[in-house]
Amino acid sequence: MHIVMATSEAIPFAKTGGLADVVGTLPMELVKLGHHCSVFLPAYACVKEVLQAGRLENRHWNLSEGVAEVTIDHAGMACTAKIHRVRLDPHGVDFYLVDQPMFFDREGLYGDSSGTFGDNSGRFCFFSRVVVEAIEKLGLAIDIIHCHDWQTGLIPAYHRTRTQNWNWYHHAASVMTIHNMAYQGRFWGPDMALTGLDGRYFNWQQMEFFGDLNLLKTGLVFSDMLTTVSPTYAKEIQTPASGCGLDGVLRARADRLIGIVNGVDYGVWDPSVDEHLTMKYTVENWREGKGVCKRQLQESLGLPMRPDVPMIGIISRFAEQKGWDLIIQLMHWWIDHQDVQWVILGSGEERYSTPLSQLRARRPDRIAMQSRFSDSLAHRIEAAADLFLMPSQYEPCGLNQLYSLRYGTLPVVRATGGLADTIVDATVDRISERTATGFSFVEYSPEALADSTLRALTIFRESTDKWGGIVETGMRQDWSWKRSAEAMLGVYRRAREFAAMEGRL
Ligand code: ADP
């Protein structure tokens, strides 16, 4: 099959969250399984920087600039994008970069320090329209168009409604993946004009949501198959509590919705190959390896260099979803009473970074906190920490708990979405069966987080053997992309079957 993905972020070019990891890695896995994969991505300023750095480092990237040019009538203005193609060796995935400086050549993907960009509907309507036209212009013979999140939600609508009579529409089926229901691309109704679609689709069963244009809903309505990033999240988003207003749309299409847990790129996130670590380690020598990494991190962050003190790591966006209110409350309770070190890395809202900085100023011997995005530090925290906290309000899949499992860093999670699907709570029975991999709790409260974290600390301090058993069970698990890619191929086949049954292929 030839699969084309359309996305607003993908590693190694542009990343704000887990979406980038998924779309950067899944295509490579599909290629390994014998398929052809291409990815469309806006050519943001950061993408150009990565290309420039790649050039300087003589990376084997095969860059062809200007392989196509697409002009769109955007609100009465002719707006042109150049398409550049980069082939990432050795995996042979083609990235098509949509270069339109007015829309994309700026700092930030969706916003900057002054907030979200005001023209995001225009930017991603434009991107989606360019993608469908570029596939035709480039003559790509494709079987699947796979869209990710609201930024590309219009593409299944163009495909399904056949606004233009493109050849590829008759040969491909569409799949849409929801990475987070909370981000829907909801804009005021008159932006419908930017889509170039007939106004009759602006109705409550298709593109309209309480008078607004909703791009995620559009994708959910028009795609042949829908996926999300864990089976539990697939169930949760069909309920009013977690469906963010679109649970009815999803219930109506429940036969098309499948949850597949994301994979981990063990070429990058595995302590036995991790170039960021002072000492690489495996399940055979994790105590020594983690000890060396912990000492190095304590030294570099100015924390007391004590091997015995439990280190709690957190790497996350400063956003409400991630449970920072629980974490901050717990830190207040424990700051003078629990002998633990906190190592926190995050970026985002000041309402969380400010109280965390204040806590750090009070006890710099117990708390290290950095408010920035640092991939290298993220790797070093995963290796050095003993515990990793993810008390999310909701978590579609979550990647850090999967990284933590491989790094021997026991996750303490709230049992929601992908966290519920991937972490087995360390109850007495599960510890003795050797199936436990972490600690989980259900109620969203600081007390419940405190209970689970204390359970973990007690085992850490009092029972080295039990702790080691849990660590090793987690380290031996396989959450690689191969499993997810195979499941996704099943989804692509079903999408094609549905499209054929409906006479569209
Ligand atoms: P989400 O996509 O909701 O942000 P995920 O757990 O799915 O959450 O993915 C988050 C990804 O972003 C992980 O790879 C994590 O390591 C990374 N990440 C988040 N914040 C930072 C940060 N400040 N610095 C480095 N990496 C970060």
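Residues numbered from 1 in each chain as written. Predicted model: local features only at pLDDT ≥ 70, side-chain atom pairs only at ≥ 80, totals over all residues. Heavy atoms only, no water.

Draft legend 1. Seen up close, the overall build of the chain. A count of helical and extended segments in the chain gives 19 helices and 20 strands. Here the C-alpha radius of gyration of the chain, 23 Å, is about what a compact globule of 505 residues would show, namely 23 Å. The 505 residues of the chain split such that 60% are buried. For the chain, the share of sequence-separated contacts (at least 6 apart) that also reach a separation of at least 24 residues comes to 71%. Carbon and sulfur atoms form 50% of the exposed surface of the chain, whose accessible area is close to 19,500 Å². Of the charged side chains in the chain, 50 are positive and 60 negative, and the gap between their average positions amounts to 2 Å. (Helix = DSSP H or I, 4+ residues; strand = E, 2+ residues; numbered from the N terminus. Rg over C-alpha atoms; globule rule 2.2 N^0.38 Å. Buried < 20%, exposed > 50% of the residue type's maximum accessible area, 1.4 Å probe, protein only. Contact = heavy atoms within 4.5 Å. Areas by Shrake-Rupley, 256 points an atom, 1.4 Å probe, with all protein chains shown as cover. Lys, Arg positive; Asp, Glu negative; His and termini not counted. Charge placed at Lys NZ, Arg CZ, Asp CG, Glu CD.)

Draft legend 2. Summary view of the pattern of salt bridges. Counted under the stated rule, the structure contains 29 salt bridges. In this structure, the salt-bridge partner of Asp119 is Arg106, at a minimum N-O distance of 2.7 Å. Note that Asp119 is positioned in the loop between strand 7 (115-116) and helix 4 (120-138) and Arg106 in the loop between helix 3 (101-104) and strand 6 (111-112), a separation of 13 residues in sequence. The partner of Arg306 in a salt bridge is Asp308, with the nearest N and O atoms 3.1 Å apart. Classification of Arg306 as partly exposed rests on a relative accessible area of 27%. (Salt bridge = Lys/Arg side-chain N within 4 Å of Asp/Glu carboxyl O.)

Draft legend 3. Structural view of the site of the ligand. Near the ligand, the surroundings consist of 19 residues, among which Gly18, Arg317, Lys322, Arg372 and Leu399 are the closest. Contact distances for the ligand include 2.8 Å between an oxygen atom and a side-chain N or O atom of Lys322. Within the contact set of the ligand, a nitrogen atom lies 2.8 Å away from a backbone nitrogen or oxygen of Arg372. Notes on the ligand: free accessible area 570 Å², of which the protein chains cover 93%. (Near = heavy atom within 4 Å. Polar contact = N/O pair within 3.5 Å; in protein donor to acceptor, adjacent residues only side chain to side chain.)

Draft legend 4. Looking closely at the pairing of strand 2 (residues 36-42). The buried count for strand 2 comes to 6 of 7 residues, which makes it a mostly enclosed element. Across 5 bridges, the pairing between strand 1 (residues 2-6) and strand 2 is parallel. In the strand pairing of strand 2, Val4 is matched with Ser38. Tracing the backbone out of strand 1, into helix 1 (residues 18-32) and back to the parallel element strand 2 gives a crossover that is right-handed. (Pairing = 2+ DSSP bridges. Right-handed = clockwise from strand over helix to strand, strands pointing away.)

Draft legend 5. Geometry of unusual backbone geometry. Following Ile11, the chain continues into Pro12 via a peptide bond in cis, with omega recorded as 5°. Position of Pro12 among the secondary structure elements: in the loop between strand 1 and helix 1. The phi torsion at Ala75 lies on the positive side, around 50°, for a residue other than glycine. In this structure, Ala75 sits in the loop between strand 3 (61-74) and strand 4 (77-88). Here Ala75 falls in the exposed class, since its relative accessible area comes to 61%. With a phi close to 60°, Arg434 is a non-glycine residue in the positive phi region. Positionally, Arg434 belongs in the loop between helix 16 (428-433) and strand 20 (439-441). For Arg434, a relative accessible area of 45% puts it in the partly exposed group.

Draft legend 6. Structural detail: the side chain of Glu472. Topologically, Glu472 is positioned in helix 18 (residues 464-476). Arg434 provides the closest opposite charge to the buried, unpaired Glu472, separated from it by 4.0 Å. Non-local contacts of Glu472, meaning those with residues more than four positions away in its chain, are made with Val283, Trp286 and Arg434.

Draft legend 7. View of the nonpolar core. One finds Phe40, Leu220 and Tyr492 to be the most contacted residues of the largest nonpolar core, which totals 100 residues. Excluding residues that lie within four positions of it along the chain, Leu220 makes contacts with Met176, Ile178, Met181, Leu226, Leu246, Val249, Leu250 and Arg253. (Core = buried A, V, L, I, M, F, W, Y, C linked by side-chain atoms within 4.5 Å.)

Draft legend 8. Expanded view of the sheet that holds strand 4. Strand order across the open sheet formed by 9 strands is 3-4-5-2-1-8-9-13-14, with mixed pairing between neighbours. Edge positions in the sheet fall to strand 3 and strand 14 (257-259), since each has one partner strand and no second. This sheet shows a mean twist of 20° between the axes of neighbouring strands, independent of strand direction. As judged from the 11 bridges shared by strand 3 and strand 4, these two strands associate in the antiparallel manner. (Axes fitted to C-alpha atoms, helices over the stretch in contact; angles between N-to-C directions.)

Draft legend 9. Here's a closer look at the packing of helix 1 against helix 19 (residues 481-501). Interhelical geometry of helix 1 versus helix 19 gives an angle of 80° and a closest axis separation of 9 Å. The angle between the axes of helix 1 and helix 19 places the two elements in the roughly perpendicular class. Residues Val22, Thr25, Leu26, Glu29 and Leu30 of helix 1 form the contact with helix 19, whose participating residues are Trp481, Lys482, Ala485, Met488, Leu489 and Tyr492. A class-by-class count of the residues in the contact of helix 1 with helix 19 yields 8 nonpolar, 1 polar and 2 charged. (Parallel < 35°, antiparallel > 145°, perpendicular 65-115°, else oblique. Nonpolar A, V, L, I, M, F, W, Y, C, P; charged D, E, K, R; others polar.)

Draft legend 10. Highlighting the packing of aromatic side chains. All told, the structure shown has 19 aromatic pairs when counted by the stated rule. Judged by centre distance (4.7 Å) and plane angle (70°), the rings of Trp168 and Tyr169 are edge-to-face. No difference in accessibility class separates Trp168 from Tyr169, as the two residues are buried. Between the aromatic rings of Tyr201 and Phe222, the centroid separation amounts to 6.1 Å while the plane-to-plane angle is 85°, which identifies the pairing as edge-to-face. Of the two residues, Tyr201 sits in the loop between helix 6 (192-195) and strand 11 (208-209) while Phe222 sits in helix 7 (residues 215-222), which places them 21 residues apart along the sequence. (Phe/Tyr/Trp six-rings, centres within 6.5 Å; stacked < 30°, edge-to-face > 60°.)

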